[in-house]
Amino acid sequence: MMISVDAPNHYEVLGVAKDKDATPDEIRAAHRRLVHQVHTDKGGTDALFRQVQAAYEALSDPDSRAVYDRQLRAGSTGSGFDDNAPGWRSRYGWGIRTR
């Protein structure tokens, strides 16, 4: 399974059901599978690896997932995050991204 660097949201990055349909076990299993596929030692790119990591961090924590789901429903950005929200860029390793 190939992941686009421009994937619209974290659920699509991990390939799991959106919103409350994906269980924590499904999210964890998808993350483990993808990490092995996109790791730089396995021929993946750093950007894809970071994208999978960011998706897992956002969806594995119930509080972060709730915030992310609200932002998706509100239609903030294509990634589901509000680009102007304080701290999210540094938390998920996207500090060099510009609009």
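Anyway, here's the lowdown on the structure attached to this text.

### Re the environment of Glu-12
Here comes step 1: By the secondary structure assignment, Glu-12 is in helix α1 (residues 10-14).
Here comes step 2: Its relative accessible area of 36% is what places Glu-12 among the partly exposed residues.

### So, the pattern of salt bridges
Pairs can form between side chains of opposite charge whenever their charged atoms are close.
Here comes step 1: Inspection of every chain in the model, using the stated rule, returns two salt bridges.
Here comes step 2: The salt bridge partner of Arg-28 is Asp-25, with a shortest N-O separation of 2.5 Å. You can see Arg-28 and its partner Asp-25 sitting in helix α2 (residues 24-38), three residues apart, about one turn around the helix.
Here comes step 3: Where Arg-50 meets Asp-46, a salt bridge forms, and the shortest distance between an N and an O atom there is 3.0 Å. With Arg-50 and Asp-46 both in helix α3 (residues 46-60) and four residues apart, this pair spans about one turn of that helix.
Here comes step 4: We classify Asp-46 as partly exposed; its relative accessible area is 44%.

### Quick notes on the environment of Val-35
Here comes step 1: Among the structural elements, Val-35 can be located in helix α2.
Here comes step 2: Exposure remark for Val-35: the relative accessible area of 17% places this residue in the buried category.
Here comes step 3: The spatial distance from the C-alpha of Val-35 to the C-alpha of Arg-50 is 9.5 Å, given a sequence separation of 15 residues.
Here comes step 4: Residues contacting Val-35, with those up to four places away along its chain left out, are Phe-49, Val-52 and Gln-53.

### A few points about the packing of aromatic side chains
Here comes step 1: With the rule as written, the count across this model stands at one aromatic pair.
Here comes step 2: Ring geometry for Tyr-11 and Tyr-68: centres 6.0 Å apart, planes at 45°, overall tilted. In this pair, Tyr-11 sits in helix α1 while Tyr-68 sits in helix α4 (residues 62-74), placing the two residues 57 residues apart along the sequence. Each member of the pair, Tyr-11 as well as Tyr-68, carries the same accessibility label: buried.

Definitions and limits used
- Residues numbered from 1 in each chain as written.
- Predicted model: local features only at pLDDT ≥ 70, side-chain atom pairs only at ≥ 80, totals over all residues.
- Heavy atoms only, no water.
- Helix = DSSP H or I, 4+ residues; strand = E, 2+ residues; numbered from the N terminus.
- Buried < 20%, exposed > 50% of the residue type's maximum accessible area, 1.4 Å probe, protein only.
- Salt bridge = Lys/Arg side-chain N within 4 Å of Asp/Glu carboxyl O.
- Contact = heavy atoms within 4.5 Å.
- Phe/Tyr/Trp six-rings, centres within 6.5 Å; stacked < 30°, edge-to-face > 60°.

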